[in-house]
Amino acid sequence: MKRKVLVSGGAGFIGSHLVRAYQAAGDAVTVLDDLSSGRSENLPPGVALVQADVRSPEARSLVASGGFTILNHHAAQMDVRRSVEDPMFDAQVNVLGLINLLEGARAGGVRRVVFASSGGTVYGDGATAPTLETAAKLPASPYGTAKLTSEYYLATFAQLFGLEAVALRYSNVYGPRQNPHGEAGVVAIFGRRMLGGEPITIYGDGEQTRDLVYVEDVAAANVLAAERPLSPLTSLDARAYNVGTGVETTVNRLADLIAVATGRTCEIRRGPSRAGEILRSALDVGKAARELGWRPQVPLPEGLARTVRWIGEG
């Protein structure tokens, strides 16, 4: 039976790929997006777009009255640096916005909520890499704290109201349609600057590592998370899944790989380390493989080549 899916933030980078993945699975998709960073042209034909802020009464009313089976919540303030500079705004969008939609979901009988969390920030720098879902949580930024707080709210709504809630803890997602200005994706930034013959800036010594996962692999994880049976809610981590590759890549190495993908060399400038940025990140995805049947499929060089090709066509 065709499901009705609401994707908040569906006109953005990751969200627009989810929309296509849900459509391909036969679902009817509606997008909720304020278009502050998303773009309506990212959406394929046949998708209804409701332009509203996730904190608004209009957004809550949409979730409550739309007859949705699945709420996939990707709308967010996504910039770690902005969260450090303005933690109040970050919490308003990322925590209060979620609660607003959850109230709508409770009123509207939504069965399952799939939530975009952040494995790169909720664990902090103390965890061993690759990191398991059960690792200690010690966010180093307000953004990470907001994501972790949101997971607790999801678990609370699940216990109180029977809402099925799944948290997908992403590593560093990259791919076509990533905005180098609004969403601060390092692959998009480096790729665009190299293709333009401009220098790139690496902050710190460049030996900080990232777990880079291709956006279409992330979209596939979301579709599975919307339909697979869930484990009993025995802890915060019971219904949380890492979505990454388990492979650490240094920023210096990433710059080299993007240079290969673009066929260009460029000047590399060095800047100071940035507050709130973690030093090592790689996620163990064994649980997602066992319980969701998901594994990443796109190797980094191939994903970078696809992304660079898209940037060049833009």
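Throughout what follows, the structure given in this document is the object of discussion.

What follows concerns the packing of helix 9 (residues 251-262) against helix 11 (residues 300-313). At their nearest, the axes of helix 9 and helix 11 sit 9 Å apart, and the two run at 55° to each other. Comparing the axis directions of helix 9 and helix 11 gives the class oblique. The crossing of helix 9 and helix 11 is right-handed. Facing helix 9, whose interface residues are Leu-254, Leu-257, Ile-258, Ala-261 and Thr-262, helix 11 presents Leu-300, Leu-304, Ala-305 and Val-308.

A general feature of soluble globular proteins is that nonpolar side chains tend to end up buried together. Core analysis: the largest hydrophobic core is formed by 34 residues, its most contacted members being Ile-14, Tyr-22, Leu-168, Tyr-170, Val-173 and Trp-294. Elements with a contribution of two residues or more to this core: strand 1 (4-8), helix 1 (13-24), strand 2 (28-32), strand 5 (112-118), strand 6 (164-170), helix 8 (215-227) and strand 11 (240-243). Ranked by the residues each element gives to this core, the list is headed by helix 8, at eight residues. Aside from chain neighbours lying at most four places away, what touches Tyr-170 is Ile-14, His-74, Ala-116, Ser-117, Ser-118, Gly-119, Gly-120, Val-218, Asn-222, Val-243 and Leu-283. Counting residues in hydrophobic clusters, the runner-up holds 23 residues, among them Ala-59, Leu-71, Leu-101 and Leu-154.

With that out of the way, let us pick up the pairing of strand 4 (residues 70-73). Side chains on a regular strand alternate between the two faces of the sheet. Neither face of strand 4 is left uncovered, since the one carrying Ile-70 and Asn-72 and the one carrying Leu-71 and His-73 both have all their residues buried. Pairing analysis gives four bridges linking strand 1 to strand 4, with the strands arranged parallel. Counted as the bridge partner of Ser-8 is His-73 from strand 4. In this sheet, strand 5 lies alongside strand 4 in parallel orientation, the contact comprising four bridges. Counterpart to Asn-72 in the pairing with strand 5 is Val-114.

Moving on: the packing of helix 1 against helix 8. A packed helix pair is summarised by two numbers, namely the angle formed by the two axes and the spacing between the axes. Contact geometry of helix 1 with helix 8 gives a least axis separation of 9 Å together with a crossing angle of 55°. Taken together, the axes of helix 1 and helix 8 lie oblique to each other. Crossing hand, helix 1 versus helix 8: right-handed. Only Val-215, Glu-216, Val-218, Ala-219, Asn-222, Val-223 and Ala-226 of helix 8 make contact with helix 1, whose side of the interface consists of Phe-13, Ile-14, His-17, Leu-18, Ala-21 and Tyr-22. Split into classes, the residues belonging to the contact of helix 1 with helix 8 amount to 10 nonpolar, two polar and one charged.

What follows concerns the side chain of Thr-249. Position of Thr-249 relative to the elements: it lies in strand 12 (residues 249-250). With relative accessibility at 9%, the residue Thr-249 sits in the buried group. If we ignore the near neighbours within four places in the chain, the residues touching Thr-249 are Gln-208, Thr-209, Arg-210, Leu-212, Leu-254 and Leu-300.

Parameters at a glance
- In this numbering scheme, every chain counts its residues from 1 along its sequence in written order.
- Owing to the predicted nature of the model, reporting of local features is limited to residues with pLDDT of at least 70; listing and counting of side-chain atom pairs is limited to 80 or more, with chain, interface and lining totals taken over all residues.
- The side-chain values count all of the structure's non-hydrogen atoms but skip hydrogen atoms and water molecules.
- Axis lines are fitted to C-alpha atoms, over the contacting stretch for helices. Their N-to-C directions set the angle, which ranges from 0 to 180 degrees.
- Labels follow the DSSP assignment, with helices taken as runs of H or I lasting at least four residues and strands as runs of E lasting at least two, numbered in each case from the N terminus.
- Here the word oblique covers every angle except those under 35 degrees (roughly parallel), over 145 (roughly antiparallel) and from 65 to 115 (roughly perpendicular).
- Less than a right angle of anticlockwise turn of the near helix away from the far helix marks a crossing as left-handed, whereas a clockwise turn marks it as right-handed.
- Only heavy atoms enter the contact rule, under which two residues are in contact if any of them lie within 4.5 Å.
- The definition of a nonpolar core used throughout is a set of buried Ala, Val, Leu, Ile, Met, Phe, Trp, Tyr and Cys residues joined through side-chain atoms within 4.5 Å.
- Residue exposure (1.4 Å probe, protein chains only): buried if accessible area is under 20% of the type maximum, exposed if over 50%, otherwise partly exposed.
- Between any two strands, pairing holds if DSSP finds at least two bridges.
- Charged residues are taken to be Asp, Glu, Lys and Arg, nonpolar residues to be Ala, Val, Leu, Ile, Met, Phe, Trp, Tyr, Cys and Pro, and polar residues to be all remaining types, Gly included.

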